[in-house]
Amino acid sequence: MTFQRIAIIGLGLQGGSIGLAVREYLPDAQTTGYDHLPETRARAAERSLVDQVCETAAEAVREAELVIFCVPPSAMGEAARACADAIPATALVSDVGSSKQAVAKALGEALPHHTIIPAHPVAGTENSGPDAGFASLFQNRWCIVTPPEPSNLLLLTGLVEFWEALGANVEIMDAQHHDLVLAVTSHLPHLIAYTIVGTASDLEAVTQSEVIKYSAGGFRDFTRIAASDPTMWRDVFLSNKDAVLEMLQRFTEDLTALQKAIRVGDGDTLFEHFSRTRAIRRSIIAEGQDDARPDFGRSDHGKI
Ligand SMILES: NC(=O)c1ccc[n+]([C@@H]2O[C@H](COP(=O)([O-])OP(=O)(O)OC[C@H]3O[C@@H](n4cnc5c(N)ncnc54)[C@H](O)[C@@H]3O)[C@@H](O)[C@H]2O)c1
Ligand SMILES: O=C(O)C(=O)C[C@]1(C(=O)O)C=C[C@@H](O)C=C1
């Protein structure tokens, strides 16, 4: 099935990008949108992120066939409760949250009588808010859909086709597995970036101005990631706590092994490790999975 009326709750980077992408790639569909911040609603209207910016969430969802919650993980339950009575019984409810088990639970509790199929576009930038969105964000990026068992096949197919129309490659995955995989590929890298940028600026022997001045190299890539939205990332770590702590434990053990290799002058271990990681990077590029994002909406090309 093709969704013709799509409601987007939360008009920041994700919600705005979905609205713009629908206009570009699904021009026959109608979009409505709501954000709890009046200034964001005003900016969303100026940028025409959706066809109609509504004054209440209930108004936005009233005629929707697909409702997508694009708010921070901790706000999912509250945002869903605010419009629960207005969402048509036949509508499919989805979201774009970066962690899946906790968000699915929150949405399920808020909307016990609706069909919910969570999703996570693995596509983003360090920018947030109504000015951050752009239509090509999802082009050639993964979107992981985590349907509960059992799921309505017609609605699941509709959601997969929706994300494919926006340019994403869709993968179906169990929510628990999603949270484990993303803990290591997305959440841990952000924690490392937040840590290293904080550590560098805390060092008494290195001044703040030196950190800025000499951040043209590898450190600059970390500063891009460490500029990501504090609310969202606080929520990601708290909502995917178990998987992140497990991956952090593994990371700490591996870091300690490299620390020891440096201390004892074990060059072979260092060389082997760096060769292995270089091959991983090169295989990502060879598979065409590198970044398809345009300059627009980004402060630089740094990636880790
Ligand atoms: N930023 C990324 O790289 C990225 C990538 C994939 C998925 N996500 C997920 O997408 C979701 C949104 O992230 P984003 O980057 O678009 O954040 P954002 O800050 O750009 O946008 C979130 C918007 O939600 C609004 N909002 C908050 N609470 C609300 C409520 N109760 N009702 C209505 N609106 C509310 C905020 O005002 C804001 O405009 C998060 O769950 C995040 O985990 C983010
Ligand atoms: O490239 C970035 O700026 C991102 O952080 C995007 C990124 C990621 O880690 O890959 C961040 C969070 C998501 O939920 C999905 C994508």
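Residues numbered from 1 in each chain as written. Chains lettered and ligands numbered in written order. Predicted model: local features only at pLDDT ≥ 70, side-chain atom pairs only at ≥ 80, totals over all residues. Heavy atoms only, no water.

An unreviewed UniProt entry lists the protein chain under the name Prephenate/arogenate dehydrogenase family protein, with Novosphingobium anseongense given as the organism.

Undergrad: Account for the nonpolar core, naming residues and giving values.
TA: A general feature of soluble globular proteins is that nonpolar side chains tend to end up buried together. In this structure, I6, I18, F138, F162, W163 and L166 are the most contacted members of the largest nonpolar core, which totals 38 residues. Broken down by secondary-structure element, the contributors of at least two residues to this core are β1 (5-9), α1 (13-25), β4 (66-69), β8 (142-145) and α6 (153-165). For this core, the leading source of residues is α6, giving six residues. In contact with F162, other than residues within four places in its own chain, are F3, I6, I18, V22, L26, L66 and I68. Formed by 26 residues, the second largest nonpolar core is a distinct cluster that contains V61, A64, V67 and V71. (Core = buried A, V, L, I, M, F, W, Y, C linked by side-chain atoms within 4.5 Å. Buried < 20%, exposed > 50% of the residue type's maximum accessible area, 1.4 Å probe, protein only. Helix = DSSP H or I, 4+ residues; strand = E, 2+ residues; numbered from the N terminus. Contact = heavy atoms within 4.5 Å.)

Undergrad: Please give an account of the side chain of N240 that cites residues and values.
TA: Relative to the helices and strands, N240 is located in the loop between α10 (230-239) and α11 (241-264). What makes N240 buried here is its relative accessible area of 4%. Side-chain polar atoms of N240 contact the side chain of H187, separated by 3.2 Å. With near-sequence residues (within four places) excluded, N240 lies in contact with S99, D179, A183 and H187. (Polar contact = N/O pair within 3.5 Å; in protein donor to acceptor, adjacent residues only side chain to side chain.)

Undergrad: Describe the pairing of strand β2 (residues 30-34), naming the residues involved and giving the relevant values.
TA: β2 sits mainly inside the fold: four of its five residues count as buried. The pairing of β1 with β2 spans five bridges and is parallel. In the sheet register, R5 faces β2, and the bridge partner there is Q30. Taken together, β1, α1 and β2 form a β-α-β motif whose crossover is right-handed. Pairing of β2 with strand β3 (residues 52-53) involves two bridges; the strand directions are parallel. (Pairing = 2+ DSSP bridges. Right-handed = clockwise from strand over helix to strand, strands pointing away.)

Undergrad: Please provide a residue-by-residue account of the site of ligand 1, values included.
TA: Looking at ligand 1, there are 29 residues lining it, with Q14, D35, V71, S98 and G129 nearest. Here Q14 contributes a backbone N or O atom positioned 2.8 Å from an oxygen atom of ligand 1. For ligand 1, the accessible surface in isolation is 830 Å², of which the surrounding protein chains cover 91%. Going through the elements one at a time, α1, α4 (76-83) and β7 (119-121) are the ones with two or more residues in the shell around ligand 1. Class assignment of the residues belonging to the shell around ligand 1 gives a composition of 15 nonpolar, twelve polar and two charged. (Near = heavy atom within 4 Å. Areas by Shrake-Rupley, 256 points an atom, 1.4 Å probe, with all protein chains shown as cover. Nonpolar A, V, L, I, M, F, W, Y, C, P; charged D, E, K, R; others polar.)

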